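# Inside the fold
Here is how the chains run, residue by residue.
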Amino acid sequence: MSRQVHLAVNILGAGVFGGSWRFPGTDPEASFRLDHYLDIARKAEAAKFDAIFLADGPAVADDVRYRPFNSLEPSVVLAAVAAATTAIGLIGTLSSSYNDPYDVARRFATLDHLSGGRSGWNVVTTAGRSAARNFGFDDAPDHAVRYARAAEFVEVVRKLWNSWEPDALVGDKGSRRFADTGKIHRTDHHGPHLDVAGPLNVPRSPQGEPVIVQAGASTDGRALAAHVGEVVFTAARTEEEAGEYYRDVKARADGLGRSADGVVILPGLSTVIGSTEAEARRRRDLLAELVPPELDSGAGHRIVTGTPEQIADAIVDWVDKGVADGFNLMPDVLPGGFDDFTEHVVPILQRRGRFRTEYRSTTLRGHLGLAVPSHSVPAGRDAGQRVVA
């Protein structure tokens, strides 16, 4: 059986290119309106995508004079999207550098409950002085320190998600017993960067744990991705770059005792679609013209310009060559470029038997083919003790 393609859509303002917001018919202020996210999420769900994805950074972007950027808080937006959809996965970015693990664990556990098991947390380490100054620091910690904190941060979040055993919530009216406190455990994490008592005040979530997403290109980033990432976003412009990253992260995960199949690697893919090659090239040329000269239009991700058939060929090619499990789609223009993809490229993939025609699961883990993590009582100095005697 041919390998199935996984697809997420990255909702980047009005599109991935610096001049996308200037494209005819686009709304420059769309990324500040809820309808923008609901529209794309509903279209992604109708096309049977695995997930939508929201990037984030806790500071004003350096190039805000010339282009929009993602600035609405992701978990709030995704909660609204959860109420308007039924199946699409909901992946949001929150930094391990400028958040607390208890709050992050609670937010994504809450989103998982409200969505019926569709949440995913994209773990990032935030660099740059501007973000640091927003949180009272003179500058960001060193690269190695940020990644060491991130690894411990994820460990603590997962301990908190596991502080409730799956059957701890009883709800037995007859016995007047709401919860089994013998199955709710303190976390008591005491580490070099974090100190968290626990337990979480939210029961274990519908998919066991929200999906952990990571994107790391450096040596430290790859190590973190292999250690904790269940979905890994990556930037690769060539097949060689993609293959090297894919093999390296999968091998690292295997070396840590994880199943390589438990790590879904999705390179970014920017698409420019036309009914003919010439039309697609004209569209790409226009997008290039719309980029203000003050911006660097260099893209770190693969750009494929062509007909729907050519876009589908490019997607299947990398999956069949074993350098990607699918793609994190970044359409040239939103929503128009995404409409072109869902209306013309997705049906080709479906006819070829490479992409689902219906959801077979209601959870993000199910869409991605990821197992529900087995429950483990948090290990620590006093871990495993009951909350109430």
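Structure's up top.
An account of the accompanying structure is given in this report. Just so we're clear, the structure is a prediction, and the values are computed from it rather than from any experiment.

### Let's talk about the packing of helix α1 (residues 34-46) against helix α10 (residues 336-351)
In contact at an axis separation of 10 Å, α1 and α10 are set at 10° when each is read in the N-to-C sense. Between α1 and α10, the crossing angle belongs to the class labelled roughly parallel. Seen from α1, the contacting residues are Ile40, Lys43 and Ala44; seen from α10, they are Phe338, Asp339 and Thr342. In terms of residue class, the contact of α1 with α10 is built from 3 nonpolar, 1 polar and 2 charged.

### Quick look at helix α9 (residues 308-320)
The terminal C-alpha atoms of α9, which comprises 13 residues, lie 18 Å apart, in line with the 18 Å expected from a rise of 1.5 Å per residue. What α9 keeps buried is the set Pro308, Ile311, Ala312, Ala314, Ile315, Val316, Trp318 and Val319. Tucked into the core, α9 has its buried residues touching α7 (239-255), β11 (264-273), β12 (302-306), β13 (326-331) and α10.

### Topic: the pattern of salt bridges
Scanning all chains against the criterion turns up 26 salt bridges. Here Asp325 makes a salt bridge to Arg3, at a shortest N to O gap of 2.4 Å. Taken together, the positions of Asp325 in the loop between α9 and β13 and Arg3 in the segment before β1 (6-10) put the pair 322 residues apart, joining distant regions of the chain. The residue Lys321 makes a salt bridge to Glu239 at a minimum N-O spacing of 3.1 Å. In this pair, Lys321 sits in the loop between α9 and β13 while Glu239 sits in helix α7, placing the two residues 82 residues apart along the sequence. Each of Arg222, Glu244, Asp248 and Arg252 takes part in a single network of salt bridges with overlapping partners.

### With respect to the nonpolar core
Proteins that are soluble and globular tend to have nonpolar side chains buried together. Ranked by size, the top nonpolar core spans 68 residues in total, and within it Phe49, Ile52, Trp121, Trp161, Ile315 and Phe341 carry the most contacts. Element by element, the count of residues in this core is highest for helix α5 (residues 143-161), at 8 residues. Ignoring anything within four residues of it in the chain, the contact list for Trp161 reads Ala105, Phe108, Ala109, Trp121, Leu200, Arg204, Glu209, Pro210 and Ile212. Phe53, Ile91, Val213 and Leu364 belong to the second largest nonpolar core, which has 13 residues in total.

### A look at the packing of aromatic side chains
For the coordinates displayed, the defined rule picks out 9 aromatic pairs. Ring geometry for Phe49 versus Phe355: centroids 6.1 Å apart, planes at 75°, classification edge-to-face. Note that Phe49 is positioned in the loop between α1 and β2 (51-54) and Phe355 in the loop between α10 and α11 (364-368), a separation of 306 residues in sequence. Phe355 shares its class with Phe49; the two are buried. The interplanar angle of 5° and the centroid separation of 4.7 Å between the aromatic rings of Tyr98 and Phe135 together place this pair among those described as stacked. With a gap of 37 residues between them, Tyr98 in the loop between β3 (89-95) and α3 (101-115) and Phe135 in the loop between α4 (129-134) and α5 connect regions that are remote in the sequence.

Rules of the game
- Residues numbered from 1 in each chain as written.
- Predicted model: local features only at pLDDT ≥ 70, side-chain atom pairs only at ≥ 80, totals over all residues.
- Heavy atoms only, no water.
- Axes fitted to C-alpha atoms, helices over the stretch in contact; angles between N-to-C directions.
- Helix = DSSP H or I, 4+ residues; strand = E, 2+ residues; numbered from the N terminus.
- Parallel < 35°, antiparallel > 145°, perpendicular 65-115°, else oblique.
- Contact = heavy atoms within 4.5 Å.
- Nonpolar A, V, L, I, M, F, W, Y, C, P; charged D, E, K, R; others polar.
- Expected span 1.5 Å × (residues − 1).
- Buried < 20%, exposed > 50% of the residue type's maximum accessible area, 1.4 Å probe, protein only.
- Salt bridge = Lys/Arg side-chain N within 4 Å of Asp/Glu carboxyl O.
- Core = buried A, V, L, I, M, F, W, Y, C linked by side-chain atoms within 4.5 Å.
- Phe/Tyr/Trp six-rings, centres within 6.5 Å; stacked < 30°, edge-to-face > 60°.

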